[in-house]
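# A closer look at the structure
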Amino acid sequence: SEPLRAVSRSDVMTDSPVNNVPENIFGKIGTDLHLKPNHPLCIIKSAIYDYFEKNYPGTFKTFDDRKPVVTLNANFDSILIPEDHISRSSNDTFYVDNVTCLRCHTSAHQAELLREGQAAFLCTGDVYRRDTIDSTHYPVFHQMEGLRVFESHEWSGQDGTDFCLSDLKKVLEGLAKHLFGDVQMRWVEAYFPFTDPSLELEIFFRDEWLEVLGSGVVQQEILQKNYTASGDVRGWAFGLGLERLAMVLFQIPDIRLFWTADTRFLKQFKQGDLTTRFKPYSKFPPVFKDVAFWTSSAYTENNLCEIVRTVAGDLVEETKLIDDFTHPKTGRTSHCYRIAYRSPDRSMTDEEINQLQDEVRSSLQEKLEVQLR
Ligand code: PHE
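Only a predicted model underlies this, so the values are computations on that prediction, with no experimental measurement involved.

The next thing to look at is the overall build of the protein chain. For the protein chain, the helix and strand inventory stands at 10 helices and 13 strands. The C-alpha atoms of the protein chain give a radius of gyration of 22 Å, which matches the 21 Å a tight globule of 373 residues would have. Summarising its shape, the C-alpha atoms of the protein chain cover approximately 70 × 50 × 35 Å along the three principal directions. Here the protein chain holds 373 residues, and 52% of them are scored as buried. Across the protein chain, every contact between residues at least 6 apart in sequence was considered, and the portion connecting residues at least 24 apart equals 67%. As displayed, the protein chain offers around 17100 Å² of accessible surface, 48% of which is attributable to carbon and sulfur atoms. If the 41 positive side-chain charges of the protein chain are averaged to one point and the 56 negative ones to another, these points end up 4 Å apart.

Structure, rendered in structure tokens:
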């Protein structure tokens, strides 16, 4: 009941809370949108599984029921995420207790699946991140992890890492074509602690360069510690966000729509059909409300967004910092946020919105100890 309280914990991070998972987030666990036939996330997931099965029959084993509550070891340590990495902070990650969190990526299952002897797999599930609020960010989303291990006889004569990298590119370029048609693509250098080299794939789709996935050659240490093989091995891995792909492909304008029960949304999609283009049915205008306050030590933008989300749920579309000002004499900082209220599927009354805004204000004051202006 005190979700933002921090306790001292020298073994992992000094600011890791015992539990910072709000009820509304906890309540999403088990919804498993990626397992619901005819849901756009399940359609995308299945299209990717189909691509791998068609081109590499029997090679990739699929896992889509691994639970999202994982150990910190699985989520971070086992894939070499350093102790001081930003993603470990309680501002970014939902901690369940001292040793468990809600996975922030499906990479949390790399090491365990390797230990189970899986040499090629696809693993899909819901992932959780504390973040700001806008049309493409939601604290729960879905990812797919792919990983393949090769043994030395498979790259005989070549350099193992080069072989792995060119296989990775071939496989993922083929996947992008399978989903998006004959698009232009480019590989961009990236950084992930668990791969080296690391690359992101971008596609040119409807006049824009879009990042599709992160990938790379698996760090040797991860394979050596977890995968039992008689000789030398190399591996590649990738991770992609299903919402992002579905939004682009189906032209879904708002990430909250994935969570709606409205049949005007759900009825538009059909398992196996990648050609659907979403037709918006609700064009209610957003209502903007501003809140300004002097910041406090408990204030972070993610904490603020969580409070807004806890009060207004899916009735909030965006929270945007519109003014940031430091008083020249006192040194105090004032922030002003503009909150956009809009339901994805109905109109809202002024009264309802004013009530939400009042609740947001008092909750900010109470939970973050900011001073309202
Ligand atoms: N886990 C990474 C992310 O969430 C994606 C990734 C997976 C990158 C596997 C490389 C290899 O951003």
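Past the structure itself, the notes keep going.
Further remarks concern the confidence of the model for the protein chain. With 95% of its residues at a pLDDT of at least 70, the protein chain reaches an overall mean of 94. Residue range residues 1-14 is modelled with pLDDT below 50. Its contacts to residues more than four positions away, or to other chains, number 30 contacts. Our summary of model confidence lists the complex with pTM equal to 0.92 and ipTM equal to 0.99.

Turning to unusual backbone geometry, a few remarks are in order. A cis amide bond, omega -5°, links D196 with the succeeding residue P197. With respect to the element layout, P197 can be found in strand β7 (residues 195-205). With a phi angle near 45°, R206 is a residue other than glycine that sits in the positive phi range. By the element assignment, R206 lies in the loop between β7 and β8 (208-218).

Next up on the list: the side chain of T93. Structurally, the position occupied by T93 is in the loop between α3 (72-75) and β3 (100-102). Judged by relative accessible area, which is 1%, T93 ranks as buried. A polar contact of 2.5 Å, which involves the side chain of T93, links it to the backbone oxygen of S87. Excluding residues within four positions of it along the chain, T93 makes contact with N20, F76, S87, C101, L102, C104 and R130.

Calculation criteria
Residues numbered from 1 in each chain as written. Predicted model: local features only at pLDDT ≥ 70, side-chain atom pairs only at ≥ 80, totals over all residues. Heavy atoms only, no water. Helix = DSSP H or I, 4+ residues; strand = E, 2+ residues; numbered from the N terminus. Rg over C-alpha atoms; globule rule 2.2 N^0.38 Å. Buried < 20%, exposed > 50% of the residue type's maximum accessible area, 1.4 Å probe, protein only. Contact = heavy atoms within 4.5 Å. Areas by Shrake-Rupley, 256 points an atom, 1.4 Å probe, with all protein chains shown as cover. Lys, Arg positive; Asp, Glu negative; His and termini not counted. Charge placed at Lys NZ, Arg CZ, Asp CG, Glu CD. pLDDT = per-residue confidence, 0-100. Polar contact = N/O pair within 3.5 Å; in protein donor to acceptor, adjacent residues only side chain to side chain.

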